[in-house]
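Structural description and commentary
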Amino acid sequence: MKDLLDQHNIPYIIKDRESGGYMKIYSGFSIYGTDILVEKALFKKAKNILDEFTSK
């Protein structure tokens, strides 16, 4: 997903849920998941790009 956003020049922020950031450091992964945040003005564009990719 990050690569797709990078390819389309859509800035984003990665945010781990709960204590996921600490779990990634300790165990290499998180059971809590990760959010990818984009600007509100670019949300529709980002969603369309990601939806198109996942529907293939």
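Note that the structure is predicted; figures quoted are calculated from it, not measured. (Residues numbered from 1 in each chain as written. Predicted model: local features only at pLDDT ≥ 70, side-chain atom pairs only at ≥ 80, totals over all residues. Heavy atoms only, no water.)

When helices and strands are tallied, the chain shows three helices and two strands. Element order for the chain, N to C, with α for helix and β for strand: α-β-α-β-α. Contacts in the chain between residues at least 24 apart in sequence constitute 45% of all its contacts with a sequence separation of at least 6. Of the roughly 4,800 Å² that the chain leaves accessible, carbon and sulfur atoms contribute 56%. (Helix = DSSP H or I, 4+ residues; strand = E, 2+ residues; numbered from the N terminus. Contact = heavy atoms within 4.5 Å. Areas by Shrake-Rupley, 256 points an atom, 1.4 Å probe, with all protein chains shown as cover.)

Right, let's get into the pattern of salt bridges. Inspection of every chain in the model, using the stated rule, returns one salt bridge. Across the pair aspartate 51 and lysine 47 runs a salt bridge, and its minimum N-O distance is 2.7 Å. One end of the pair, aspartate 51, and the other, lysine 47, are both in helix H3 (residues 43–54), four residues apart, so they sit about a helical turn from each other. (Salt bridge = Lys/Arg side-chain N within 4 Å of Asp/Glu carboxyl O.)

A word on the nonpolar core. Counting residues in hydrophobic clusters, the biggest one holds five residues: Leu4, Leu5, Ile10, Ala46 and Ile49. Mapped by element, the contributors of at least two residues to this core are helix H1 (2–7) and H3. Beyond its immediate stretch of four places on either side in the chain, leucine 4 contacts Ile49, Leu50 and Phe53. (Core = buried A, V, L, I, M, F, W, Y, C linked by side-chain atoms within 4.5 Å. Buried < 20%, exposed > 50% of the residue type's maximum accessible area, 1.4 Å probe, protein only.)

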